[in-house]
Protein chains: 2
Amino acid sequence: MQPFDGLSEQHIGKILKARKRVIEAIGKNMDLYGITQSVGHLYGMLFFSEKPMTLDEMGKEMEMSKTSMSTGVRMLLDLKMVNKVWEKGARKDLYEAEADWHQTFTDYFGIEWRKAVEANVIALKRSAAELRQLQETEEGEGELREILSRDLEKIDGALSYYEWLDRLIDTLDSGKIYELVPKEKP
Amino acid sequence: MQPFDGLSEQHIGKILKARKRVIEAIGKNMDLYGITQSVGHLYGMLFFSEKPMTLDEMGKEMEMSKTSMSTGVRMLLDLKMVNKVWEKGARKDLYEAEADWHQTFTDYFGIEWRKAVEANVIALKRSAAELRQLQETEEGEGELREILSRDLEKIDGALSYYEWLDRLIDTLDSGKIYELVPKEKP
DNA sequence: AAGATCGTACAGAAAAAACTGTACAAACAA
DNA sequence: TTGTTTGTACAGTTTTTTCTGTACGATCTT
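Residues numbered from 1 in each chain as written. Chains lettered and ligands numbered in written order. Predicted model: local features only at pLDDT ≥ 70, side-chain atom pairs only at ≥ 80, totals over all residues. Heavy atoms only, no water.

Draft legend 1. Examining the interface of chain B and chain A more closely. Each partner contributes to the interface: chain B provides 67 residues, whereas chain A provides 67 residues. For the pair chain B and chain A, the summed buried area comes to about 5,900 Å², and 67% of that belongs to carbon and sulfur atoms. Across the chain B-chain A interface, the total number found is eight salt bridges. Taken together, the links from chain B to chain A amount to 24 residue pairs in polar contact (both at pLDDT 80 or more). (Contact = heavy atoms within 4.5 Å. Buried area = accessible area lost by both parts, 1.4 Å probe. Salt bridge = Lys/Arg side-chain N within 4 Å of Asp/Glu carboxyl O. Polar contact = N/O pair within 3.5 Å; in protein donor to acceptor, adjacent residues only side chain to side chain.)

This is the structure in structure tokens:
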């Protein structure tokens, strides 16, 4: 992970143990970000690395194939949890962990939630329109009427929830969330 | 899913089509809640059902085993997305979808995020303590000093992020989030 | 130009997860 | 009591995901 030149075995051991605990905790809880424990572990490793790492170094450290490192890093790049580092005339690509976890958090949930909101709202609106049309063309039947209004009520409830969620996501995207819930303890 | 007594085939078809679109959209996007597409689908079905359902009814509707319904419902209960309904002298257990999606949202992320925060904070603090101790007992060595302060800085950064997240979760738990981001459009 | 090295696409192997059917304990009915 | 019925534990099967090794195009070196 890095050079421990001139440190006693004992010191190295203690440092690695402390890091390992954190790395494993991170790995275990990264499933909230929809990533594997391995990839979470990879992130944790990069987090503690003092200098950017190459795929080969990661593979050696994780005792996994370079291919897995490649796909893992790509996932982390997509999630903006890892950045590519440009170094003058370097043969290999270098990567480092994004240190700003607030940013990582808002990026991820901003993107994923928005995706879900958009897909669901489209479906809800389309179905609501269909049901409303049915409601208009068939004014008679009591039973039909009842079912339609019940379904539409549910759909409208869902839509109003998504409107709220959309506004919440806006606060993540814009950074306004940090005004509402300040980074520094009040 | 329910009785469509006295409705024309055509009407039933249109209603089911409208529901199906929504149910499938829900199923697809439920992975944010860490659940399978099948279980998401199950939730969607319960969402549109006008009366609480039994495991057998769910199994029939989903064309899946009762065992799967049992485990699926249990997951949804854990996430508080489904409620058990108590009916006078009923043989079978009855379940209904939680209709308040705001509540579902805050419950889920409240629970899951808190879990992650607690686990990670414990690890971070424990490791920080170890490193700080090492820092105190070994005042000399420059290289060791440097590594320790770098690691501790990273850990402190992470801890301050988790403090923020913890406060955000508090607003979910307490409902204060709805003051910060009102349910009704401003 | 040739030769070396890097990252990744792809196919197959290994591991994990989802799903099913059977079996059985608990709760109820007669 | 005995006979049903219900929910779930568990073992085995199927499906999905993760991981690996090989192969190859792209890029850099000489």
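Draft legend 2. Representation of the protein's contact with DNA strand D within the structure. Surveying the vicinity of DNA strand D reveals 15 residues, the closest of which are Ser38 and Ser68 of chain A together with Ser70, Lys92 and Asp93 of chain B. For DNA strand D, the fraction of atoms within 4 Å of the protein that belong to sugar or phosphate moieties is 76%. The contact in question runs from a sugar or linking oxygen of DNA strand D to an N or O atom on the side chain of arginine 91 of chain A, over 3.5 Å. Here a phosphate oxygen of DNA strand D sits 2.7 Å away from a polar atom, N or O, in the main chain of aspartate 93 of chain B. Secondary-structure elements contributing two or more residues to the surface near DNA strand D are helix 4 (66-78) of chain A together with helix 4 (66-78) of chain B. If one sorts the elements of the surface near DNA strand D by residue count, helix 4 of chain B sits on top with four residues. Residue composition of the surface near DNA strand D, by class: two nonpolar, seven polar and six charged. (Near = heavy atom within 4 Å. Helix = DSSP H or I, 4+ residues; strand = E, 2+ residues; numbered from the N terminus. Nonpolar A, V, L, I, M, F, W, Y, C, P; charged D, E, K, R; others polar.)

Draft legend 3. Examining the protein's contact with DNA strand C more closely. In the vicinity of DNA strand C, 15 residues are found, and the nearest of them are Ser70, Lys92 and Asp93 of chain A together with Ser38 and Ser68 of chain B. The sugar and phosphate moieties of DNA strand C supply 76% of its atoms located within 4 Å of the protein. The contact in question runs from a phosphate oxygen of DNA strand C to an N or O atom on the side chain of arginine 74 of chain A, over 3.4 Å. Within the backbone of aspartate 93 of chain A, a nitrogen or oxygen atom sits 2.7 Å from a phosphate oxygen of DNA strand C. Among the elements of the structure, helix 4 of chain A together with helix 4 of chain B are those that each provide at least two residues to the surface near DNA strand C. With four residues, helix 4 of chain A is the single largest residue contributor to the surface near DNA strand C. The residue makeup of the surface near DNA strand C, split by class, is two nonpolar, seven polar and six charged.

Draft legend 4. The arrangement of unusual backbone geometry in detail. The backbone phi angle of glutamate 63 of chain A is positive, close to 55 degrees, even though this residue is not glycine. Mapped onto the elements, glutamate 63 of chain A comes out in the loop between helix 3 (55-62) and helix 4.

Draft legend 5. Quick peek at the packing of aromatic side chains. Residues and elements named next belong to chain B. Applying the stated criterion across every chain, the model contains 38 aromatic pairs over all chains. A ring pair is formed by phenylalanine 47 and phenylalanine 48, whose centres lie 5.2 Å apart and whose planes are at 70 degrees; its orientation type is edge-to-face. By relative accessible area, which is 1% here, phenylalanine 48 ends up buried. Arranged with centres 6.2 Å apart and planes meeting at 35 degrees, the rings of tyrosine 161 and tryptophan 164 form a pair that is tilted. Taken together, the residues tyrosine 161 and tryptophan 164, both in helix 6 (residues 142-174) and three residues apart, mark about one turn of the helix. Here tyrosine 161 matches tryptophan 164 in class, with each residue buried. (Phe/Tyr/Trp six-rings, centres within 6.5 Å; stacked < 30°, edge-to-face > 60°. Buried < 20%, exposed > 50% of the residue type's maximum accessible area, 1.4 Å probe, protein only.)

Draft legend 6. Expanded view of helix 2 (residues 37-48) of chain B. Between its first and last C-alpha atoms helix 2 of chain B spans 17 Å; for 12 residues at 1.5 Å apiece the expected length is 16 Å, and the two agree. Burial of helix 2 of chain B is extensive: nine of the 12 residues sit out of reach of the surface. (Expected span 1.5 Å × (residues − 1).)

Draft legend 7. Structural detail: the nonpolar core. The biggest cluster of nonpolar side chains holds 120 residues, and the ones touching the most others in it are Trp113 of chain A together with Trp113 of chain B. When neighbours within four sequence positions are excluded, tryptophan 113 of chain B is seen to be in contact with Leu32, Phe105, Phe109 and Trp113 of chain A together with Leu165, Leu168, Ile169 and Leu172 of chain B. (Core = buried A, V, L, I, M, F, W, Y, C linked by side-chain atoms within 4.5 Å.)

Draft legend 8. Spatial organisation of the packing of helix 6 (residues 142-174) of chain A against helix 1 (residues 9-29) of chain B. The N-to-C vectors of helix 6 of chain A and helix 1 of chain B enclose an angle of 5 degrees; their axes lie 12 Å apart at closest approach. Of the possible angle classes, the one that applies to helix 6 of chain A and helix 1 of chain B is roughly parallel. Counted together, Leu144, Ile147, Leu148 and Asp151 of chain A of helix 6 of chain A and His11, Ile15 and Arg19 of chain B of helix 1 of chain B form the full contact between these two elements. The class makeup of the residues in the contact of helix 6 of chain A with helix 1 of chain B is four nonpolar, one polar and two charged. (Axes fitted to C-alpha atoms, helices over the stretch in contact; angles between N-to-C directions. Parallel < 35°, antiparallel > 145°, perpendicular 65-115°, else oblique.)

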